[in-house]
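# What the coordinates show
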Amino acid sequence: AANRTFSIIKPDATRRNITGAVTKMLEEAGLRVIASKRIQMTREQAEGFYAVHKERPFFGELVSFMISGPVVVQVLEGENAMQRNRDIMGATNPANADAGTIRKELAESIEANTVHGSDSDENAEIEIAYFFKPEEIVG
Ligand code: CMP
């Protein structure tokens, strides 16, 4: 498995000023932040990022939420990074997430669920390249 994955700290977290708390949980799970930037996504950028979900009924709301405030995009490094990140994030719906996960401890709802994480090594590569130039990643 690859040792890099991609993460977004979502607008519900920047709004509540808990990006540090989220990052602390990632670090304590054995992940290292090797690239990070706070951005305001444009609608076009969010639609492109979530293009795989464009036929879903929640697509419009998802895009509106993701551009409702700043996000922090990150590249995370660690052994088995994609799975490690998914484990510490917890289930998409915080109601179903295990205790000790970011979404159980911090998320507000299935939409305002605090973090995004790549769901495969292949998507991690695509998502990293969507937001970062190679020279912005310092491992
Ligand atoms: P994420 O990992 O960012 O990828 C797609 C997002 O869609 C997901 O996290 C959720 O925040 C969101 N999502 C998934 N299912 C629903 C739903 N039923 N209603 C609203 N948002 C959803």
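Described in the following lines is the structure provided in the data block. Note that the coordinates shown come from a computational prediction; the quantities given were computed from them, not determined experimentally.

## Some details on the site of the ligand
Inspection of the region around the ligand gives Lys-10, Tyr-50, His-53, Phe-58, Leu-62, Thr-92, Arg-103, Ile-110, Glu-111, Asn-113 and His-116 as its neighbouring residues. Interatomic distance of 3.2 Å between a side-chain N/O atom of Asn-113 and an oxygen atom of the ligand. Taking 460 Å² as the accessible area of the ligand by itself, protein coverage stands at 79%. At a threshold of 2 Å from the grid points, most atoms of the ligand map onto the largest pocket.

## Thoughts on the packing of aromatic side chains
Under the definition given, this model contains six aromatic pairs. Pairing Phe-6 with Phe-49 gives two aromatic rings, centres 5.8 Å apart and planes at 55°, and the pair type is tilted. Placement of Phe-6 in strand β1 (residues 4–9) and of Phe-49 in helix α3 (residues 43–49) is noted, with a sequence separation of 43 residues between them. For the residue pair Phe-6 and Phe-49, the accessibility class agrees, reading buried in each case. Given a relative accessible area of 9%, Phe-49 falls into the buried group. Through a chain of ring-to-ring contacts, three or more aromatic side chains come together here, namely Phe-6, Phe-49, Tyr-50, Tyr-130 and Phe-131.

About the cut-offs
Numbering of residues starts from 1 in every chain and runs along the sequence as written. Local features in this predicted model are restricted to residues whose pLDDT is 70 or higher, and side-chain atom pairs enter the listing and the counts only when it is 80 or higher, whereas totals over whole chains, interfaces and linings include all residues. Each side-chain value is derived from all of the structure's non-hydrogen atoms; neither hydrogens nor water enter the calculation. One heavy atom within 4 Å of a molecule or strand is enough for the residue carrying it to be called near that molecule or strand. Polar contacts, as counted here, are pairs of nitrogen or oxygen atoms within 3.5 Å of one another; within protein the pair requires one atom able to donate a hydrogen and one able to accept it, and residues that are adjacent in sequence qualify only if both atoms are side-chain atoms. The protein chains shown are the only cover counted for residues, whose accessible areas, like all others here, come from Shrake-Rupley with a 1.4 Å probe. Residues are called lining when one of their atoms sits within 4 Å of a cavity or pocket point, these points coming from a 1 Å grid over the protein atoms alone, where a cavity is a set in which a 1.4 Å probe fits but cannot get out and a pocket is an open set with protein on both sides within 12 Å along at least five of seven lines. Occupancy of a cavity or pocket is assigned to a molecule whenever over half of its atoms lie within 2 Å of that pocket's grid points. Working definition: a ring pair exists when centres of Phe, Tyr or Trp rings (six-membered ring for Trp) sit within 6.5 Å. Plane angles under 30 degrees give stacked, over 60 give edge-to-face, the rest tilted. Strands here mean DSSP runs of E at least two residues long; helices mean DSSP runs of H or I at least four residues long; both are numbered from the N terminus. Note on classification: 1.4 Å probe, protein chains only; a residue is buried when its accessible area is under 20% of the maximum for its type, exposed when over 50%, partly exposed between these limits.

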